[in-house]
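As a plain string of letters, each chain reads:
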Amino acid sequence: MRRLILFAMFCTTPLYAQTQYEYIESDRLGTRELKIQLPRNYEENTEKYYPLILVLDGDFLFEIVAGNVDYTSYWADMPEALVVGINQVETRSEDLFVSDATFFPTQDGAKFYEFLGAELMPYLEENYRLGTFKVAVGHGASANFINFYSFRKTPLFQAYIALSPSMSPYMDSNLTEQLADLKSPLFYYMSTASEDFRDHRKDITALNTKLEAIDSNHLFYAFDNFDGLDHYGLVNTSIPKALQHIFLVFQPISRSEYKKYILPLETSPVAYLTEKYDRIETLFGIEKQILLNDFRAIASALDKKEQFEYFKDLAKLARESYPDSVLHNYYMGRFYEATGNPKKAMKTYREAYIYQEIDGITKDDLLDKADRIKVEYGY
């Protein structure tokens, strides 16, 4: 495949998400224009790999997706991601052509289908640091088209954002059958609205009924039916909802998660924390450092539930996550105090003096704890 890359615009300031236009020369389609938004500090983080958000109808859909991705990742509610839009303003009807006879992409539609998997993906993997997690976004006809990539034995994308899809014949039954028989995790988000096109709305609500009935440990499905919005207005509201659905487990522990899932636990809250981060790595291919926010949440739960014995496990995680900080000594001291070993607690607090302060926990705080134990027990 011959490839031509032309940088039409490039934002070099590393503090902001970087956006550029590129032209890729395809053997199947000729020259195609791409919009690409790089994550913040992409050039500096040379060892870091990123999820891909691929946006069809990039000429009008790219900016709203890219803006939401940049904003959401800035607040750590999703991982930083590479956003790529394919401009289709002159070729949309040909690119998205689905046969009324076979109900699958044919003619130029088949070429475009093959272009994404056989040309664009290898190109992006060769030229950018892509991780294993890929998301497809479409609207109307392009929302219908991205579904075909889930029909593969190994789906090309692990998440699909279908905004008011205009479904081709038999798409509802084919998609339902495919999503009911998944062998690996897949996220699917779909939306419509009260003022959506009547045919779209009818087909989408019928498909939603089928998808909601699927009982699968591998399908993570969410649906929104917005009141008062139309076919175009629903996009602006759907994108942040879709990103929240897909990356919910990636988000810091919230008050709602704390109250709903952590406090009622009969097992170890520390095990919950470990499983949360294992799941992030399994789903998104990202080894994420445990957030201080999440350490605080689990420590609070241990105090509230009086499960002080689990502070030992929390201290071990703290040593792995923040090895140069006082966090390990703080939690280990709590463990020794609560389990009747004040002498070891005093020693552990004092040993924290060589480590760095973190999250409002100071060396003086731990020395004060050690002094209190010394006075209380007469050591």
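Bear in mind the structure is a predicted one, so any value in this text is a computation, not a measurement. (Residues numbered from 1 in each chain as written. Predicted model: local features only at pLDDT ≥ 70, side-chain atom pairs only at ≥ 80, totals over all residues. Heavy atoms only, no water.)

## Digging into the confidence of the model for the protein chain
Looking at the protein chain as a whole, its pLDDT mean stands at 94, while 96% of the residues score no less than 70. A low-confidence stretch, residues 1-14 stays under pLDDT 50, and its non-local contacts, those more than four residues away or across chains, total 40 contacts. (pLDDT = per-residue confidence, 0-100. Contact = heavy atoms within 4.5 Å.)

## A look at the packing of aromatic side chains
The full count for this structure, using the stated rule, is 32 aromatic pairs. A centroid spacing of 5.4 Å and a plane angle of 55° characterise the contact between Phe335 and Tyr336, whose relative ring orientation is tilted. A relative accessible area of 14% places Phe335 in the buried class. Put simply, the rings of Phe104, Phe112, Tyr113, Phe115, Phe145, Phe148, Tyr149, Phe151, Phe157, Tyr160, Tyr188 and Tyr221 pair up and form one aromatic cluster. When the ring centre of Phe250 is taken as origin, the NZ or CZ atom of Lys288, which lies over that ring, is 3.8 Å away. (Phe/Tyr/Trp six-rings, centres within 6.5 Å; stacked < 30°, edge-to-face > 60°. Buried < 20%, exposed > 50% of the residue type's maximum accessible area, 1.4 Å probe, protein only. Lys NZ or Arg CZ within 6 Å of the ring centre and 35° of its normal.)

## Points about unusual backbone geometry
Its identity as a non-glycine residue notwithstanding, Asn41 has a phi of 60°, on the positive side. What makes Asn41 partly exposed here is its relative accessible area of 24%. Backbone geometry places Asp57, a non-glycine residue, at a positive phi of 55°.

## Some words on the sheet that holds strand β8 (residues 219-230)
Across the sheet, which stays open at both edges, the eight strands sit in the order β1-β2-β4-β3-β5-β6-β7-β8 with mixed pairing between neighbours. The open sheet is flanked by β1 (18-26) and β8, the only strands paired with a single partner. Pairs of neighbouring strands in the sheet enclose a mean axial angle of 20°, with direction left out of account. Alignment of strand β3 (residues 50-55) against strand β4 (residues 82-86), held across four bridges, turns out to be parallel. What sits directly across from Val55, in β4, is Gly85. On the sheet, helix α6 (residues 198-212) packs against β7 (186-195) and β8 and is oriented at approximately 140° with respect to β7. (Pairing = 2+ DSSP bridges. Helix = DSSP H or I, 4+ residues; strand = E, 2+ residues; numbered from the N terminus. Axes fitted to C-alpha atoms, helices over the stretch in contact; angles between N-to-C directions.)

## Section: the side chain of Asn147
Counting through the fold element by element, Asn147 comes out in the loop between α4 (141-145) and β6 (159-163). With a relative accessible area of 1%, Asn147 lands in the buried category. Apart from the residues lying within four places of it in its own chain, the contact partners of Asn147 are Met171, Leu175 and Tyr188.

## What to know about a nonpolar patch on the surface
A grouping of Tyr71, Tyr74 and Trp75 is seen on the molecular surface, where their side chains present a nonpolar patch of about 430 Å² in accessible area. The exposure class of Trp75 is exposed, given its relative accessible area of 52%. (Patch = residues over 30% accessible without salt bridge, like charges linked within 9 Å, V, L, I, M, F, W, Y side chains within 5 Å. Areas by Shrake-Rupley, 256 points an atom, 1.4 Å probe, with all protein chains shown as cover. Salt bridge = Lys/Arg side-chain N within 4 Å of Asp/Glu carboxyl O.)

## A look at the pattern of salt bridges
Across all of its chains, the model carries 17 salt bridges by this definition. For Lys134, the salt bridge is made with Glu125, and the minimal N-O distance between the two is 3.8 Å. Using a relative accessible area of 9% as the deciding quantity, one classes Lys134 as buried. Within the structure, one salt-bridge network assembled from shared partners comprises Arg28, Glu114 and Glu119.

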